[in-house]
Amino acid sequence: MARAAGEYLSRVSDELPDLKTPAPVRFWWANRVLRWYFAPEFHHLDRVAANRPTLFVGNHSVFGVLDVMLFADGLYRNRGISLRLLADRNHFKFPVWRDLVVLQGAVLGNRANCAALMRRGDHILVFPGGAREVFKHKGEAYRLIWKERYGFVRLAIEHGYTITPYATVGAEDAYDVLLDSSDYLKTPLGRVLKASGLADRYLRGGDEFPPVVRGLGLTVIPRPEKLYFSIGKPIDMARYQGQVDDPAVVRRARERVARAVTRLIAELRERRAQDTGPGALRRLANRL
């Protein structure tokens, strides 16, 4: 039964719902279509294991949903790992969609829920860039936009969790951004929203204007770009234990994670540039 948005947004306890059926099993039909459409390629899956809980930290793509499903599917099919996702509160504001998000293993991305999942020893996925990284501006492909978000590092230190960096490449190439939030704010409506304070109050300063994109042809269907995933070496947070209240230490730890993700992105983009595997039909579709 569908639940009200308030129930999702107030869920901050250890009584988080268990996934009786892992999301990749529940959505096997959708994942099978996605595997056919995007032909995902995975690297270094051996760096993680089901019996070693970790906090996956990665780059978010424009409208990053389908690539997340494929990453979760690859982890489950190859390593037996069932992911719990920390999702932006906007996902829980819309009927039907929020129920699908929960069935994917997502919970509201806040400190209390992340701590509860860590106490349970779950594998967790977080995108520090959040909505701002999803709603990218023109020219921001594959850029990390983490702003001043350090909570995930502090929680990993407090709970003795390793952080496993990972990267996705290909999803950003499935769309062209035609208009972004900075373009909206230059319009008469955007100026009114900014001047009235509505943009700051409800749209995080305009960052939550979804971009206008072009995918396959003139549609918003993503082009069938091959997707590449790579998992970095787990980063042990034990060396920072007892220093969670030192901003300089937390900043260095986060920069270490960001450098690892950035390096993985660069490696995958090089791999993508050299890949001659995609067939003629896929190459043709991606030129549309």
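These lines cover the structure that appears in this document, whether it is placed above or below. (Residues numbered from 1 in each chain as written. Predicted model: local features only at pLDDT ≥ 70, side-chain atom pairs only at ≥ 80, totals over all residues. Heavy atoms only, no water.)

1. Considerations on the overall build of the chain
Heads up, the condition is: Secondary structure is summarised from DSSP: a helix means a run of H or I of at least four residues, a strand means a run of E of at least two, and numbering begins at the N terminus for each. Only protein chains enter the accessibility calculation, which uses a 1.4 Å probe; a residue whose area is less than 20% of its type maximum is buried, one above 50% is exposed, and one in between is partly exposed. We call two residues contacting when some pair of their heavy atoms lies within 4.5 Å. Surface accessibility follows the Shrake-Rupley procedure with a 1.4 Å probe radius. Residue values consider only the protein chains on display as shielding.
Of the regular secondary structure elements, the chain holds 13 helices and nine strands. Classification of the 288 residues of the chain by burial places 50% in the buried group. At a minimum sequence separation of 6, the contacts of the chain that also span at least 24 residues come to 82%. Put simply, the chain shows about 14200 Å² of open surface, and 57% of that area lies on carbon and sulfur atoms.

2. Structural notes on the packing of aromatic side chains
Spelled out, the test is: In this analysis, rings of Phe, Tyr and Trp, with Trp reduced to its six-membered ring, are considered paired at centre separations within 6.5 Å, and the interplanar angle assigns stacked below 30 degrees, edge-to-face beyond 60, and tilted for intermediate values. Cation placement over rings: the criterion is NZ of Lys or CZ of Arg within 6 Å of the ring centroid and within 35° of the ring normal.
Tallied over the full model, the rule gives 11 aromatic pairs. Aromatic side chains Trp 36 and Tyr 37 sit 6.1 Å apart centroid to centroid with 50° between the ring planes, which places their arrangement in the tilted category. Its relative accessible area of 64% is what places Trp 36 among the exposed residues. Residue Tyr 37 is classed as buried on the basis of its relative accessible area, which comes to 18%. Relative to Tyr 166, the ring of Phe 71 lies with its centre 3.8 Å away and its plane at 5°, an arrangement referred to as stacked. Here the residue Phe 71 occupies a position in helix H4 (residues 66–79), and Tyr 166 occupies one in strand S6 (residues 162–169), the gap between them amounting to 95 residues. A relative accessible area of 0% means that Tyr 166 is categorised as buried. Above the plane of the ring of Tyr 150 lies Arg 254, whose end atom (NZ or CZ) is 4.4 Å from the centre.

3. Side note on a nonpolar patch on the surface
Formally: The patches reported here contain residues having more than 30% relative accessible area and no salt bridge. Joining distances are 9 Å for like charges and 5 Å for nonpolar side chains (Val, Leu, Ile, Met, Phe, Trp, Tyr). In the sections that follow, a salt bridge refers to a side-chain nitrogen of Lys or Arg positioned within 4 Å of a carboxyl oxygen of Asp or Glu.
Taken together, the side chains of Phe 94, Val 96, Trp 97, Leu 100 and Leu 103 present a nonpolar region at the surface, about 460 Å² in accessible area. As for its position among the elements, Phe 94 is in the loop between strand S3 (83–87) and helix H5 (97–103).

4. Here we look at the side chain of Thr 168
Mapping Thr 168 onto the fold places it in strand S6. Residue Thr 168 is classed as buried on the basis of its relative accessible area, which comes to 3%. Residues contacting Thr 168, with those up to four places away along its chain left out, are Asn 59, Asp 67, Tyr 142, Tyr 228, Phe 229 and Leu 268.

5. Quick notes on helix H8 (residues 151–158)
Within H8 the residues assigned to the buried category are Phe 152, Val 153, Leu 155, Ala 156 and Ile 157. Its buried side turned inward, H8 meets strand S2 (54–58), helix H6 (111–120), strand S5 (123–126), S6 and helix H12 (247–274). Backbone geometry just downstream of H8 places Gly 160 in the positive-phi region, at approximately 65°.

6. Side note on the pattern of salt bridges
Overall, the coordinates contain 16 salt bridges when judged by the stated rule. Residues Asp 183 and Lys 138 are paired through a salt bridge, measuring 3.0 Å at the closest nitrogen-oxygen approach. In this pair, Asp 183 sits in helix H9 (residues 181–185) while Lys 138 sits in the loop between helix H7 (130–134) and H8, placing the two residues 45 residues apart along the sequence. Using a relative accessible area of 43% as the deciding quantity, one classes Lys 138 as partly exposed. Salt bridges sharing partners connect three or more residues here, namely Glu 41, Lys 226, Arg 271 and Asp 275.

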